[in-house]
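Understanding the architecture of this molecule
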Amino acid sequence: MNKRLNSILFILAATIVNIVAMVLIFGVLMVLFARFLAPQLPPGANQIILLILFVGSVVLTYVVYHRFMRWLSNKYNLEQYFGPIFGKGQGRR
């Protein structure tokens, strides 16, 4: 396989893993919230906190992914396996 195809497959796999990780993190945060905090709060506050939990899961997923990619790029030479998806062309004519 060439570097461009490797890059495309990596982006697709990383996107799927990111979505699954975000759903799992959100599920864990939601279960913890529902178990310990939700019964003591009014319904209006619960709606706002669920929104905050969702945004928090997105941010946490980004932080975990970013640290993993930094570790991976330090451990392996990723330029050997991946290339640019879009070429460095002179412009379209």
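Here is a short report on the structure shown in this document.

Basis of the calculations
- Residues numbered from 1 in each chain as written.
- Predicted model: local features only at pLDDT ≥ 70, side-chain atom pairs only at ≥ 80, totals over all residues.
- Heavy atoms only, no water.
- Helix = DSSP H or I, 4+ residues; strand = E, 2+ residues; numbered from the N terminus.
- Rg over C-alpha atoms; globule rule 2.2 N^0.38 Å.
- Buried < 20%, exposed > 50% of the residue type's maximum accessible area, 1.4 Å probe, protein only.
- Contact = heavy atoms within 4.5 Å.
- Areas by Shrake-Rupley, 256 points an atom, 1.4 Å probe, with all protein chains shown as cover.
- Expected span 1.5 Å × (residues − 1).
- Phe/Tyr/Trp six-rings, centres within 6.5 Å; stacked < 30°, edge-to-face > 60°.

1. Brief notes about the overall build of the protein chain
Within the protein chain one finds two helices and zero strands. Relative to the 2.2 N^0.38 estimate, which gives 12 Å for 93 residues, the radius of gyration of the protein chain is 19 Å and therefore markedly larger than a compact globule would have. Considered along the principal axes of its C-alpha atoms, the protein chain spans approximately 60 × 35 × 20 Å. When each of the 93 residues of the protein chain is scored for burial, the buried share is 15%. Across the protein chain, every contact between residues at least 6 apart in sequence was considered, and the portion connecting residues at least 24 apart equals 74%. Roughly 7,800 Å² of accessible area belongs to the protein chain as shown, and the carbon and sulfur atoms make up 70% of that amount.

2. Some points on helix 1 (residues 3-36)
In this model, helix 1 (34 residues) spans 48 Å end to end at C-alpha, consistent with the 50 Å of a helix rising 1.5 Å per residue. Residues Asn6, Ser7, Ala14, Ile25 and Phe33 constitute the buried set of helix 1. Next to the buried residues of helix 1 lie helix 2 (43-75).

3. Overview of the packing of aromatic side chains
Counted according to the given criterion, the structure contains three aromatic pairs. Measuring from centroid to centroid gives 5.0 Å for Phe10 and Phe82, while their planes differ by 45°, and the two rings are tilted. Of the two residues, Phe10 sits in helix 1 while Phe82 sits in the segment after helix 2, which places them 72 residues apart along the sequence. Among the residues examined, Phe10 registers a relative accessible area of 26% and is labelled partly exposed. Of the residues examined, Phe82 reaches a relative accessible area of 25% and is grouped as partly exposed. Taken together, a centroid distance of 5.9 Å and an interplanar angle of 85° make the contact between Phe26 and Phe54 edge-to-face. Note that Phe26 is positioned in helix 1 and Phe54 in helix 2, a separation of 28 residues in sequence. What makes Phe54 partly exposed here is its relative accessible area of 38%.

Note that all results are geometric; they support no functional claim without further evidence.
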